[in-house]
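Okay, here's what each chain looks like letter by letter:
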Amino acid sequence: CRGNTQVESDFWYRTLMKKVLLTGANGLLGQKLVYALKKRPDIDLLATAIGDNRLVDDMGYNYQSMDITDNKSTKETIELFSPDVIINCAAMTNVDACELNKVKCWDINVNGVDNLTKAAENIGAHFIHLSTDFVFDGKNGPYSESDSTNPLHYYAESKLASEKIVQKNCSKWSIARTIIIYGITDNMSRSNLVLWAKGEIERGNKINVVNDQFRSPTLAEDLADGCIAIMDKKANGLYHLSGPKTYSIIEMVNLVADYYDLDRSLINPVSSASLNQPAKRPLKTGFDISKARNDLDYDPVDFLTGIKIMDRQIKQQHEY
């Protein structure tokens, strides 16, 4: 009979754990997923990204540098860890930078996804992929999962191409589209709408803000919860995960200013056309999230509540 040793107990316990490999772990969503998943005793997490781990807390999970555009090392890493689930948060997301550097954009957002999905399918992993509202042209928002796509710029084209690769290469797949993620992370390399607006107005800088674009801002914690629900429920297919309400961009910035009692006169409303950005943005997206509510019990907070949550986190960071 088998002895009740600690070694055997650990072996059987780890055998029952779900192995999750996360890409893009240094980003906003990636960090929120790491912090959520590391708390779960049923998850064996391998977090990956390019370069060093930027998370302050490195306990309760493993981290490995991985470049998804390197097919050989990506395949080797996935085969060695043999995850049950892969959550792909790695992407080039700066829309104008993608327009100006299309080769790099395609390499990361399309070729990288091709590398990941083929490796995932080889080991039978459930592949969860993050995508964007920008796959739509903004003429008929808010959008449901069944609405037709029509990307307006190269970043969106690359993300739509990646969605098709996921569906082609994987037998177990999920795609989570989202909109304007905001939140606080460790050692942030990029800002987001809330932090940008707060910082600029606090410094007394006048900011140009578009008044003819409409989005559903998404708290990073809510998006992480939605992705985890997809994993736990083994929900295959396409899901729209965003905040519950659509605002104009200038409405969002005004809400940030009002929450922090900042000077609204520094906010200058402008049209999208006047900015002459390299990539043309869709005017009105926003999501119908009823499918996610029904299938995943997805229940995101409104934007003002999200700002309050961020504010608490900012104050906690300053305490340490």
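Scroll up a little and you will see the structure.
Structure report, in brief.

### A closer look at the pairing of strand 5 (residues 126–132)
Logical step 1: For strand 5, the buried fraction is high: seven of the seven residues fall into the buried class.
Logical step 2: Alternating positions in strand 5 separate into two faces, H126, I128, L130 and T132 on one and F127, H129 and S131 on the other, with burial throughout.
Logical step 3: The sheet contact formed by strand 4 (residues 85–88) and strand 5 spans four bridges and is parallel. Bridge pairing in strand 5 links N88 to H129.
Logical step 4: Assessed by its sense of winding, the connection that carries the chain from strand 5 through helix 6 (residues 154–169) to strand 6 (residues 173–178) is right-handed.

### Looking at the nonpolar core
Logical step 1: Judged by nonpolar contacts, the single largest core of 38 residues is most densely connected at L33, I87, L241 and L296.
Logical step 2: Within the residue set of this core, elements represented by two or more residues are strand 1 (18–23), helix 2 (28–37), strand 2 (43–49), strand 4, strand 5, helix 8 (220–233) and helix 11 (290–296).
Logical step 3: Considering every element that reaches this core, the biggest residue donor is helix 8, with seven residues.
Logical step 4: In this structure, I87 is in contact with V20, L21, L22, T23, L33, L37, I128 and L130, ignoring residues within four places of it in sequence.
Logical step 5: In this structure, V95, A119, Y155 and C170 belong to the second largest nonpolar core, which totals 32 residues.

### Thoughts on the packing of aromatic side chains
Logical step 1: Per the stated rule, a full pass over the model turns up five aromatic pairs.
Logical step 2: With a centroid separation of 4.0 Å and 5 degrees between ring planes, the pair formed by F136 and Y143 is classed as stacked.
Logical step 3: When the centroid spacing of 5.1 Å and the interplanar angle of 80 degrees are considered together, the rings of Y182 and F303 count as edge-to-face. Of this pair, Y182 sits in strand 7 (residues 181–182) while F303 sits in helix 12 (residues 303–319), and the two are 121 residues apart along the sequence.
Logical step 4: Residue classification places Y182 among the buried positions, given a relative accessible area of 1%.

About the thresholds
Residues numbered from 1 in each chain as written. Predicted model: local features only at pLDDT ≥ 70, side-chain atom pairs only at ≥ 80, totals over all residues. Heavy atoms only, no water. Buried < 20%, exposed > 50% of the residue type's maximum accessible area, 1.4 Å probe, protein only. Helix = DSSP H or I, 4+ residues; strand = E, 2+ residues; numbered from the N terminus. Pairing = 2+ DSSP bridges. Right-handed = clockwise from strand over helix to strand, strands pointing away. Core = buried A, V, L, I, M, F, W, Y, C linked by side-chain atoms within 4.5 Å. Contact = heavy atoms within 4.5 Å. Phe/Tyr/Trp six-rings, centres within 6.5 Å; stacked < 30°, edge-to-face > 60°.

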